[in-house]
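# A look at the structure
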Amino acid sequence: MEKLIRVTTVPLSLDKLLEGQLSYMANYYNVTAVSSDIDYLKQCALKENVDYHHLEMSRRITPLNDLISLIKLTKYLLRTKPLIVHSHTPKAGIISMMAAKIANVPLRLHTVAGLPLMEASGIKQKILIFVEKLTYSCATNVYSNSAGMRDFILENNFINKDKIKILANGSTNGIDTSYFSNSNIAEPTKEELIKKLGIRKQDFVFVFVGRLVGDKGINELVIAFKKMLAYNSNIKLLLVGHQENELDPLTEETLTEINSNKNILAVGYQNDIRPYLSISNCLVLPSYREGFPNVVMQAGAMGLPSIVTNINGCNEIIIDKINGLLIESKNSTDLENAMNNFCNDPLLYEKLKSSSRHLITSRYEQKKVWNIILEEYRELENDFNYKNEIKLYKKYLPVKLRQINLSNYLLSLLFLFFNSNK
């Protein structure tokens with residue numbers, strides 16, 4: 001089988017954003033996962049039953065370390081000679097696409113699932129724009145996992161429109177709707193968790209799942225929730241995720257409120273978020289930027305409506321007033337109003353809830369997404385092989401025959417066959 005290499009900056013992306021996909025592709029390709037953090041990478045590779053190659057990378061801007069990573073990956077690609085290198089996340093994208101270009105890897109694919117430059121400014125933004133453009137120029141094909149992201153890329157002239165496309169209905173990995181289903185969570189499990197967290201029967205539970213950082217809108221979420229508590233004590237805010245104090249820390253006021261407010265339940269990172277979704281009433285994701293957020297699909301598959309910002313990705317999964325509500329980004333008042341609507345209008349809430357799971361299962365079923373990605377690989381592979389055959393035939397055919405139209409391809413085959421048997 002041909003070699004396929006999938007690259008992410010950190011193994012968490014392999015484990016959560018691409019879960020199951022590498023194992024599926026291993027039925028058709030010799031798959032190797034490349035990422036940093038050797039111990040976690042080994043766990044991911046074992047889980048997916050694929051090979052792995054450790055390459056230390058950082059999500060931060062580290063030019064010297066990035067150059068070392070580039071050299072190491074280039075050597076690895078020259079030695080292993082893969083047919084396809086497919087990268088995800090910005091740092092993995094620039095390093096692997098440049099390395100694959102230098103190593104002359106035939107198919108160099110990069111998926112865009114989020115652009116940090118959208119929230120950057122000044123010299124940092126200029127650097128990120130340059131890096132993004134360089135990544136795309138080294139790639140043979142670029143995929144956006146949302147229409148909004150693709151439009152942003154094209155509007156800012158990062159790439160030619162013929163080089164970028166969206167697969168399926170968006171999303172990088174789809175959603176396993178049989179796994180993310182309320183029916184999989186036993187009632188005793190729910191009851192035990194509810195008791196442990198101190199959630200009362202009358203409480204309306206808002207849940208956030210993700211990194212607790214500024215650009216996920218956590219500061220605005222805590223402000224909105226605190227204001228609501230002044231006139232509605234029957235609400236809880238469940239925060240499922242870890243803090244990242246280095247890259248995008250929360251304000252001191254937000255941290256103090258999270259630690260002191262008994263109605264805010266911060267449970268940290270969880271390997272299985274389904275029990276937490278199953279005891280919640282609504283997902284809230286007031287993010288500043290997204291690619292195509294898995295958690296919105298996961299919550300929808302669990303039957304939860306969502307309140308999300310009107311940004312690309314989010315506004316493709318959530319249809320306003322159908323399976324959730326769209327709000328303005330960085331606006332705590334708009335967020336507070338939407339949360340109040342869910343608490344005070346049970347008819348609206350039930351209407352949105354009733355549509356949530358169907359709109360996910362009908363558009364983002366995981367195996368359909370995997371199969372479409374596989375079909376894309378096969379199509380690119382066949383096109384590459386066809387072009388190479390034509391080059392080979394033209395090299396050895398007589399001058400007159402070299403001038404034939406490609407529609408006479410079969411004639412070329414016959415010519416080569418008979419000459420090879422003389």
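For the structure itself, consult the block above.
Computed from a predicted structure; not experimentally measured.

## Considerations on the packing of helix H12 (residues 294-301) against helix H15 (residues 346-361)
Contact pair H12 / H15: the axes reach a minimum separation of 7 Å and the direction vectors enclose 120 degrees. In terms of their interaxial angle, H12 and H15 are classed as oblique. The crossing of H12 and H15 is left-handed. Counted together, Met-297, Gly-300 and Ala-301 of H12 and Ser-356, Arg-357 and Ile-360 of H15 form the full contact between these two elements.

## Topic: the side chain of Asn-173
The residue Asn-173 is located in the loop between strand E7 (164-165) and helix H8 (187-197) in this model. In this structure the side chain of Asn-173 is engaged in a polar contact, spanning 2.7 Å, whose partner is the side chain of Trp-370. Ignoring anything within four residues of it in the chain, the contact list for Asn-173 reads Leu-17, Leu-18, Glu-19, Gln-21, Gln-366, Val-369 and Trp-370.

## Notes on the packing of aromatic side chains
Taken as a whole and assessed by the stated rule, the structure comprises nine aromatic pairs. Both rings, one in Phe-152 and one in Phe-158, keep their centres 6.2 Å apart while their planes meet at 85 degrees; by these two values the pair is edge-to-face. Using a relative accessible area of 21% as the deciding quantity, one classes Phe-152 as partly exposed. We classify Phe-158 as buried; its relative accessible area is 9%. Chaining the aromatic ring pairs together yields one cluster made of Phe-204, Phe-206, Phe-342 and Tyr-349. The ring centre of Tyr-179 lies 3.7 Å from the NZ or CZ of Arg-274, which sits over that ring. The ring of Tyr-288 carries the charged tip of Lys-330 above its face, separated from the ring centre by 4.9 Å.

## A look at a nonpolar patch on the surface
Taken together, the side chains of Leu-64, Leu-67, Ile-68 and Ile-71 make up a nonpolar region of the molecular surface, amounting to roughly 380 Å² of accessible area. Among the structural elements, Ile-71 can be located in helix H4 (residues 63-80).

## Some details on the sheet that holds E7
Strand order across the open sheet formed by seven strands is E3-E2-E1-E4-E5-E6-E7, with parallel pairing between neighbours. Both edges of this open sheet fall to strand E3 (51-54) and E7, since each of them pairs with a single strand only. Both strand E1 (residues 3-7) and strand E4 (residues 84-88) contribute to a ladder of four bridges, which runs parallel. By the bridge assignment, Ile-5 is partnered in E4 with Val-85. Sitting on the sheet, helix H5 (residues 90-102) touches E1, E4 and strand E5 (107-112), and the angle it makes with E4 is about 160 degrees.

## Structural notes on the side chain of Asn-219
Summarising the element assignment, Asn-219 is placed in helix H9 (residues 218-229). A distance of 3.3 Å separates the side chain of Asn-219 from the backbone nitrogen of Thr-251, its partner in a polar contact. Those residues within four positions of Asn-219 in sequence are excluded, and the remaining contacts are Gly-214, Leu-250, Thr-251 and Thr-254.

## Focus on helix H6 (residues 122-138)
Here H6 contains 17 residues, and its C-alpha end-to-end distance of 25 Å stays within 8% of the 24 Å for a straight helix at 1.5 Å per residue. Among all positions in H6, only Leu-128, Glu-132, Thr-135, Tyr-136 and Cys-138 are buried. All buried residues of H6 fall inside an arc of 165 degrees around its axis, so they share one side. Turned more than 90 degrees from where H6 packs its buried face, Ile-123, Lys-126 and Phe-130 sit exposed. Of the surrounding elements, those touching the buried residues of H6 are H5, E5, strand E6 (141-144) and helix H7 (147-155).

## Quick notes on the sheet that holds strand E10 (residues 264-266)
Taken together, six strands build an open sheet; the order of strands is E10-E9-E8-E11-E12-E13 and the sheet is parallel. Strands with a single pairing partner mark the edges of an open sheet, and in this sheet they are E10 and strand E13 (324-327). Direction aside, the axes of adjacent strands within the sheet are offset by 20 degrees on average. Here strand E9 (residues 235-240) runs beside E10; their pairing, made up of three bridges, is parallel. Its bridge partner being in E10, Leu-237 is matched across the sheet by Ile-264.

## Quick notes on the layout of surface pockets
Considering only enclosed or pocket space, the second largest pocket measures out at about 220 Å³ in volume. Around the second largest pocket, the lining residues are Pro-106, Leu-107, Thr-140, Asn-141, Lys-165, Glu-376, Glu-379, Leu-380, Asp-383, Phe-384 and Lys-387. It is helix H16 (residues 366-396) that contributes the most residues to the lining of the second largest pocket, six residues altogether. In terms of residue class, the lining of the second largest pocket is made up of four nonpolar, two polar and five charged.

Calculation rules
Residues numbered from 1 in each chain as written. Predicted model: local features only at pLDDT ≥ 70, side-chain atom pairs only at ≥ 80, totals over all residues. Heavy atoms only, no water. Axes fitted to C-alpha atoms, helices over the stretch in contact; angles between N-to-C directions. Helix = DSSP H or I, 4+ residues; strand = E, 2+ residues; numbered from the N terminus. Parallel < 35°, antiparallel > 145°, perpendicular 65-115°, else oblique. Left-handed = near helix turned anticlockwise from the far one by under 90°. Contact = heavy atoms within 4.5 Å. Polar contact = N/O pair within 3.5 Å; in protein donor to acceptor, adjacent residues only side chain to side chain. Phe/Tyr/Trp six-rings, centres within 6.5 Å; stacked < 30°, edge-to-face > 60°. Buried < 20%, exposed > 50% of the residue type's maximum accessible area, 1.4 Å probe, protein only. Lys NZ or Arg CZ within 6 Å of the ring centre and 35° of its normal. Patch = residues over 30% accessible without salt bridge, like charges linked within 9 Å, V, L, I, M, F, W, Y side chains within 5 Å. Areas by Shrake-Rupley, 256 points an atom, 1.4 Å probe, with all protein chains shown as cover. Salt bridge = Lys/Arg side-chain N within 4 Å of Asp/Glu carboxyl O. Pairing = 2+ DSSP bridges. Expected span 1.5 Å × (residues − 1). Arc of directions from axis to C-beta. 1 Å grid on protein atoms, 1.4 Å probe; cavity = no way out; pocket = protein on both sides within 12 Å on 5 of 7 lines; lining within 4 Å. Points joined across faces, edges and corners; volume = space filled by probe spheres on them. Nonpolar A, V, L, I, M, F, W, Y, C, P; charged D, E, K, R; others polar.

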